[in-house]
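Here's the letter readout for the chains.
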Amino acid sequence: MNLVVCMKQVPDTAARVAIGGDGRSLDPEGVTFVVNPYDEIALEEALRIREKLGEGEVAVVTMGPEKGSAALRSCLAMGADRGIHLQDAAFQGSDSLGTARILAAAIARKPFDLILLGKQGVGTDNSQTGPMLAELLDLPHVNVVVKLEIMGKSLKAFRQIEGALEVIEAPLPAVVTAQKGLNEPRYAGLKGIMAAKKKPVEVLCLRDLGLPADEVGEKGALVRWTQLELPASRSSGKILQGEPEEAVEELVRLLREEAKVI
Amino acid sequence: MAEVTVFVEQRSGQVKRAALEVVAQGRGLADAWGGSLEAILIGTDLDDAAAKVLPLGPDHVTLLEHPVLSDYSVEGFTQALSGYVARTNSLALLLPATAMGMDLAPRVAARLRVGLASDCISISSGPDRTMEAVRPVFSGKAMATVRFSSARPVMATLRPNVFPPGEPVANPAGKITKKTPELDETKIRARLTGIEKDQSGEIDVKEADIVVSGGRAMMNSENFGIIRDLAAALGGAVGASRAAVDAGFIAHQHQVGQTGKVVAPKLYIACGISGAIQHLAGMSSSKVIVAINKDGEAPIFKIATYGIVGDLFRIVPLLTEKILKLKAE
Ligand SMILES: Cc1cc2nc3c(=O)[nH]c(=O)nc-3n(C[C@H](O)[C@H](O)[C@H](O)COP(=O)(O)OP(=O)(O)OC[C@H]3O[C@@H](n4cnc5c(N)ncnc54)[C@H](O)[C@@H]3O)c2cc1C
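What you are looking at is a predicted structure, and each value in this text was computed from that prediction instead of being measured. (Residues numbered from 1 in each chain as written. Chains lettered and ligands numbered in written order. Predicted model: local features only at pLDDT ≥ 70, side-chain atom pairs only at ≥ 80, totals over all residues. Heavy atoms only, no water.)

(A) Seen up close, the sheet that holds strand β9 (residues 130-137) of chain B. Read from one edge of the open sheet, four strands run β12(A)-β10(B)-β9(B)-β8(B), paired in antiparallel fashion. The open sheet is flanked by β12 (223-229) of chain A together with β8 (122-126) of chain B, the only strands paired with a single partner. Sheet twist, expressed as the average angle between the axes of neighbouring strands with direction ignored, equals 30°. Here β9(B) pairs with strand β10 (residues 142-148) of chain B via six bridges, running antiparallel. When the sheet's bridge partners are listed, R135(B) is paired in β10(B) with A144(B). (Pairing = 2+ DSSP bridges. Helix = DSSP H or I, 4+ residues; strand = E, 2+ residues; numbered from the N terminus. Axes fitted to C-alpha atoms, helices over the stretch in contact; angles between N-to-C directions.)

Structure (structure tokens):
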């Protein structure tokens, strides 16, 4: 079974957020970048499928600048077999559809059975790439999956919706997006880290993928951020003083009369 | 044909409030553009659902009915919705940012080759019938303004509970039209084979008007009983911080935050939750926030509308008692 995991490098979630000089992007100064936690779950699932079947290959594909290679190495250290790094100045500023186009072109170069990726990239939080990738590759997809079973040439996935799980079956090849709860990703051991150094990483650019330059990057983007602002800080509210009984009494009064929410 | 199109989510004839909020925003956008509004429903036996949408004043209600679409399938709904919208002159297509909307919208956007802004908390009309959207990014630590290229329709999914529900208009005059979409059934490959309802019968935090959450301070699952009691008294749902979930006090489906659910209820009550940035990412757009914490310096107080500094094990039961008394009156 050929498994492909798409991985994005994202700013660490605990990182401070400052607005860049252009007023429409994150100031990268002092921000550490990590493997998108949802993609880590997707990778863990791919590794478990390979282990369960006792055969197969896990390839990790990432789009992004050179510094993304560290994240790619940590995926290899977790146990992926090989990496594909999609790197080109023309990719910069891609929106989700542009990203999906680039990933689709890279993935379509070799036969595959299952594509796994996070249900969203932490930070930009678009939650679009998985379904778009499936659409561009003309594949079925199951989104926001918390349990996955591979049954021969098809899959059964449990997808989280409001107050329930949808059970969905689909033939392979297919795209699955991972939600927290699907598994607990493993840590890369020292052995894994050493082994990762010898694993192959292929670097591909726009020309290798045969994509028109105006369909990707800033030029091809159908949506773009024109402004990034810190949210209007909620003014701290009232601290209700007094004995618990009094404070509770006052809280209920405020909720009814001032806020009108109960 | 209509300038603004809204997708109205329904399951078994039930229309979600989030879908009605989208209809109301669509109405506002259409009015700002001097255009008309079309609401689209997809499924089978949609008459009852259509009747719920009509009072909000769409000019057209289009029912795309097909037996194969009785259950939601992303490939079937994508075919129906994009196939229909592509033949109209729609300039904007809005969906709710629900499980269904967040699944369907990107696939439709990719098929139509148009831009999509996800999980927006505000949309506004610009000059020349353009639209601008604002959405929280970086766990709510920043707000991005999104603009679209010239491809039409522009698409957005709207975060539930943030937008006001629509008001019925005086003389709803919308016309209901039924259509049978053309479907390539061989391209509906991912199919629903079952639904596992949450057996607890609890309200999902994403669906609730009121959410009462407990944190690490709860210490064990039994103690969560006081959170459940308060939630029950208020008719709300039970939420939790990740610390409470990781410690095994409560199941993951209750987790609010960056790696849990994003909620925006009218009222969010945080009990024994410090207010870590990843927790705030899931609840900071709640309308009213109440914090109950024994540490007056806890960051949760910085965003709380009302706060009580004290022991939650005393305060929460008192609050429940007081609410129940009020309800009995
Ligand atoms: C990648 C990542 C993702 C994360 N995602 C999430 C997420 O989705 N959701 C989430 O919640 N967290 C998330 N976290 C974890 C987050 O950083 C915090 O660790 C977590 O929110 C803390 O939970 P807490 O507030 O319950 O616990 P604590 O921070 O330990 O706070 C407990 C609070 O209870 C108060 N307290 C104790 N006893 C009492 C009492 N008797 N009465 C009143 N108050 C009392 C204390 O004063 C304290 O403020 C994530 C972290 C990372 C790194």
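(B) Representation of the site of the ligand. The local shell around the ligand holds 26 residues, among which R216(B), S241(B), T259(B), S274(B) and N293(B) are the closest. More than a single chain frames the ligand: its nearby residues are located in chains A and B. Between V256(B) and the ligand, the recorded distance is 2.8 Å, taken from a backbone N or O atom to a nitrogen atom. Contacts to the ligand include D311(B), whose side-chain N or O atom sits 2.9 Å from a nitrogen atom. Considered on its own, the ligand offers 980 Å² of accessible surface; in the complex 78% of this is hidden by protein. Within the shell around the ligand, the residues separate by chemical class into seven nonpolar, 14 polar and five charged. (Near = heavy atom within 4 Å. Polar contact = N/O pair within 3.5 Å; in protein donor to acceptor, adjacent residues only side chain to side chain. Areas by Shrake-Rupley, 256 points an atom, 1.4 Å probe, with all protein chains shown as cover. Nonpolar A, V, L, I, M, F, W, Y, C, P; charged D, E, K, R; others polar.)

(C) Focus on the interface of chain A and chain B. Between chain A and chain B, the residue contacts involve 73 residues of the former and 86 residues of the latter. One salt bridge in this structure joins D138(A) and R189(B), with 3.1 Å as the shortest N-O distance. At the boundary of chain A and chain B, one finds 37 residue pairs in polar contact (both at pLDDT 80 or more). Of all the secondary-structure elements, those providing two or more residues to the side of chain A that touches chain B are α3 (96-107), α4 (129-136), β7 (141-151), β8 (154-161), β9 (164-171), β12, β13 (238-239) and α8 (244-258) of chain A. At 11 residues, α8(A) tops the list of elements feeding residues into the side of chain A that touches chain B. Its residues assigned to classes, the side of chain A that touches chain B shows 41 nonpolar, 15 polar and 17 charged. (Contact = heavy atoms within 4.5 Å. Salt bridge = Lys/Arg side-chain N within 4 Å of Asp/Glu carboxyl O.)

(D) A look at the pattern of salt bridges. This model, assessed by the stated rule, comprises 38 salt bridges over all chains. One salt bridge in this structure joins E257(A) and R253(A), with 3.1 Å as the shortest N-O distance. With E257(A) and R253(A) both in helix α8, this residue pair falls four residues apart, about one helical turn. On the basis of relative accessible area, R253(A) is assigned to the partly exposed category, the value being 37%. In this structure, E65(B) and K178(B) form a salt bridge, with 3.9 Å as the shortest nitrogen-oxygen distance. Taken together, the residues E65(B) in strand β5 (residues 60-65) and K178(B) in strand β12 (residues 175-179) connect sequence positions 113 residues apart. A residue is classified by how much of its surface remains accessible, and K178(B), at 46% relative accessible area, is partly exposed. (Buried < 20%, exposed > 50% of the residue type's maximum accessible area, 1.4 Å probe, protein only.)

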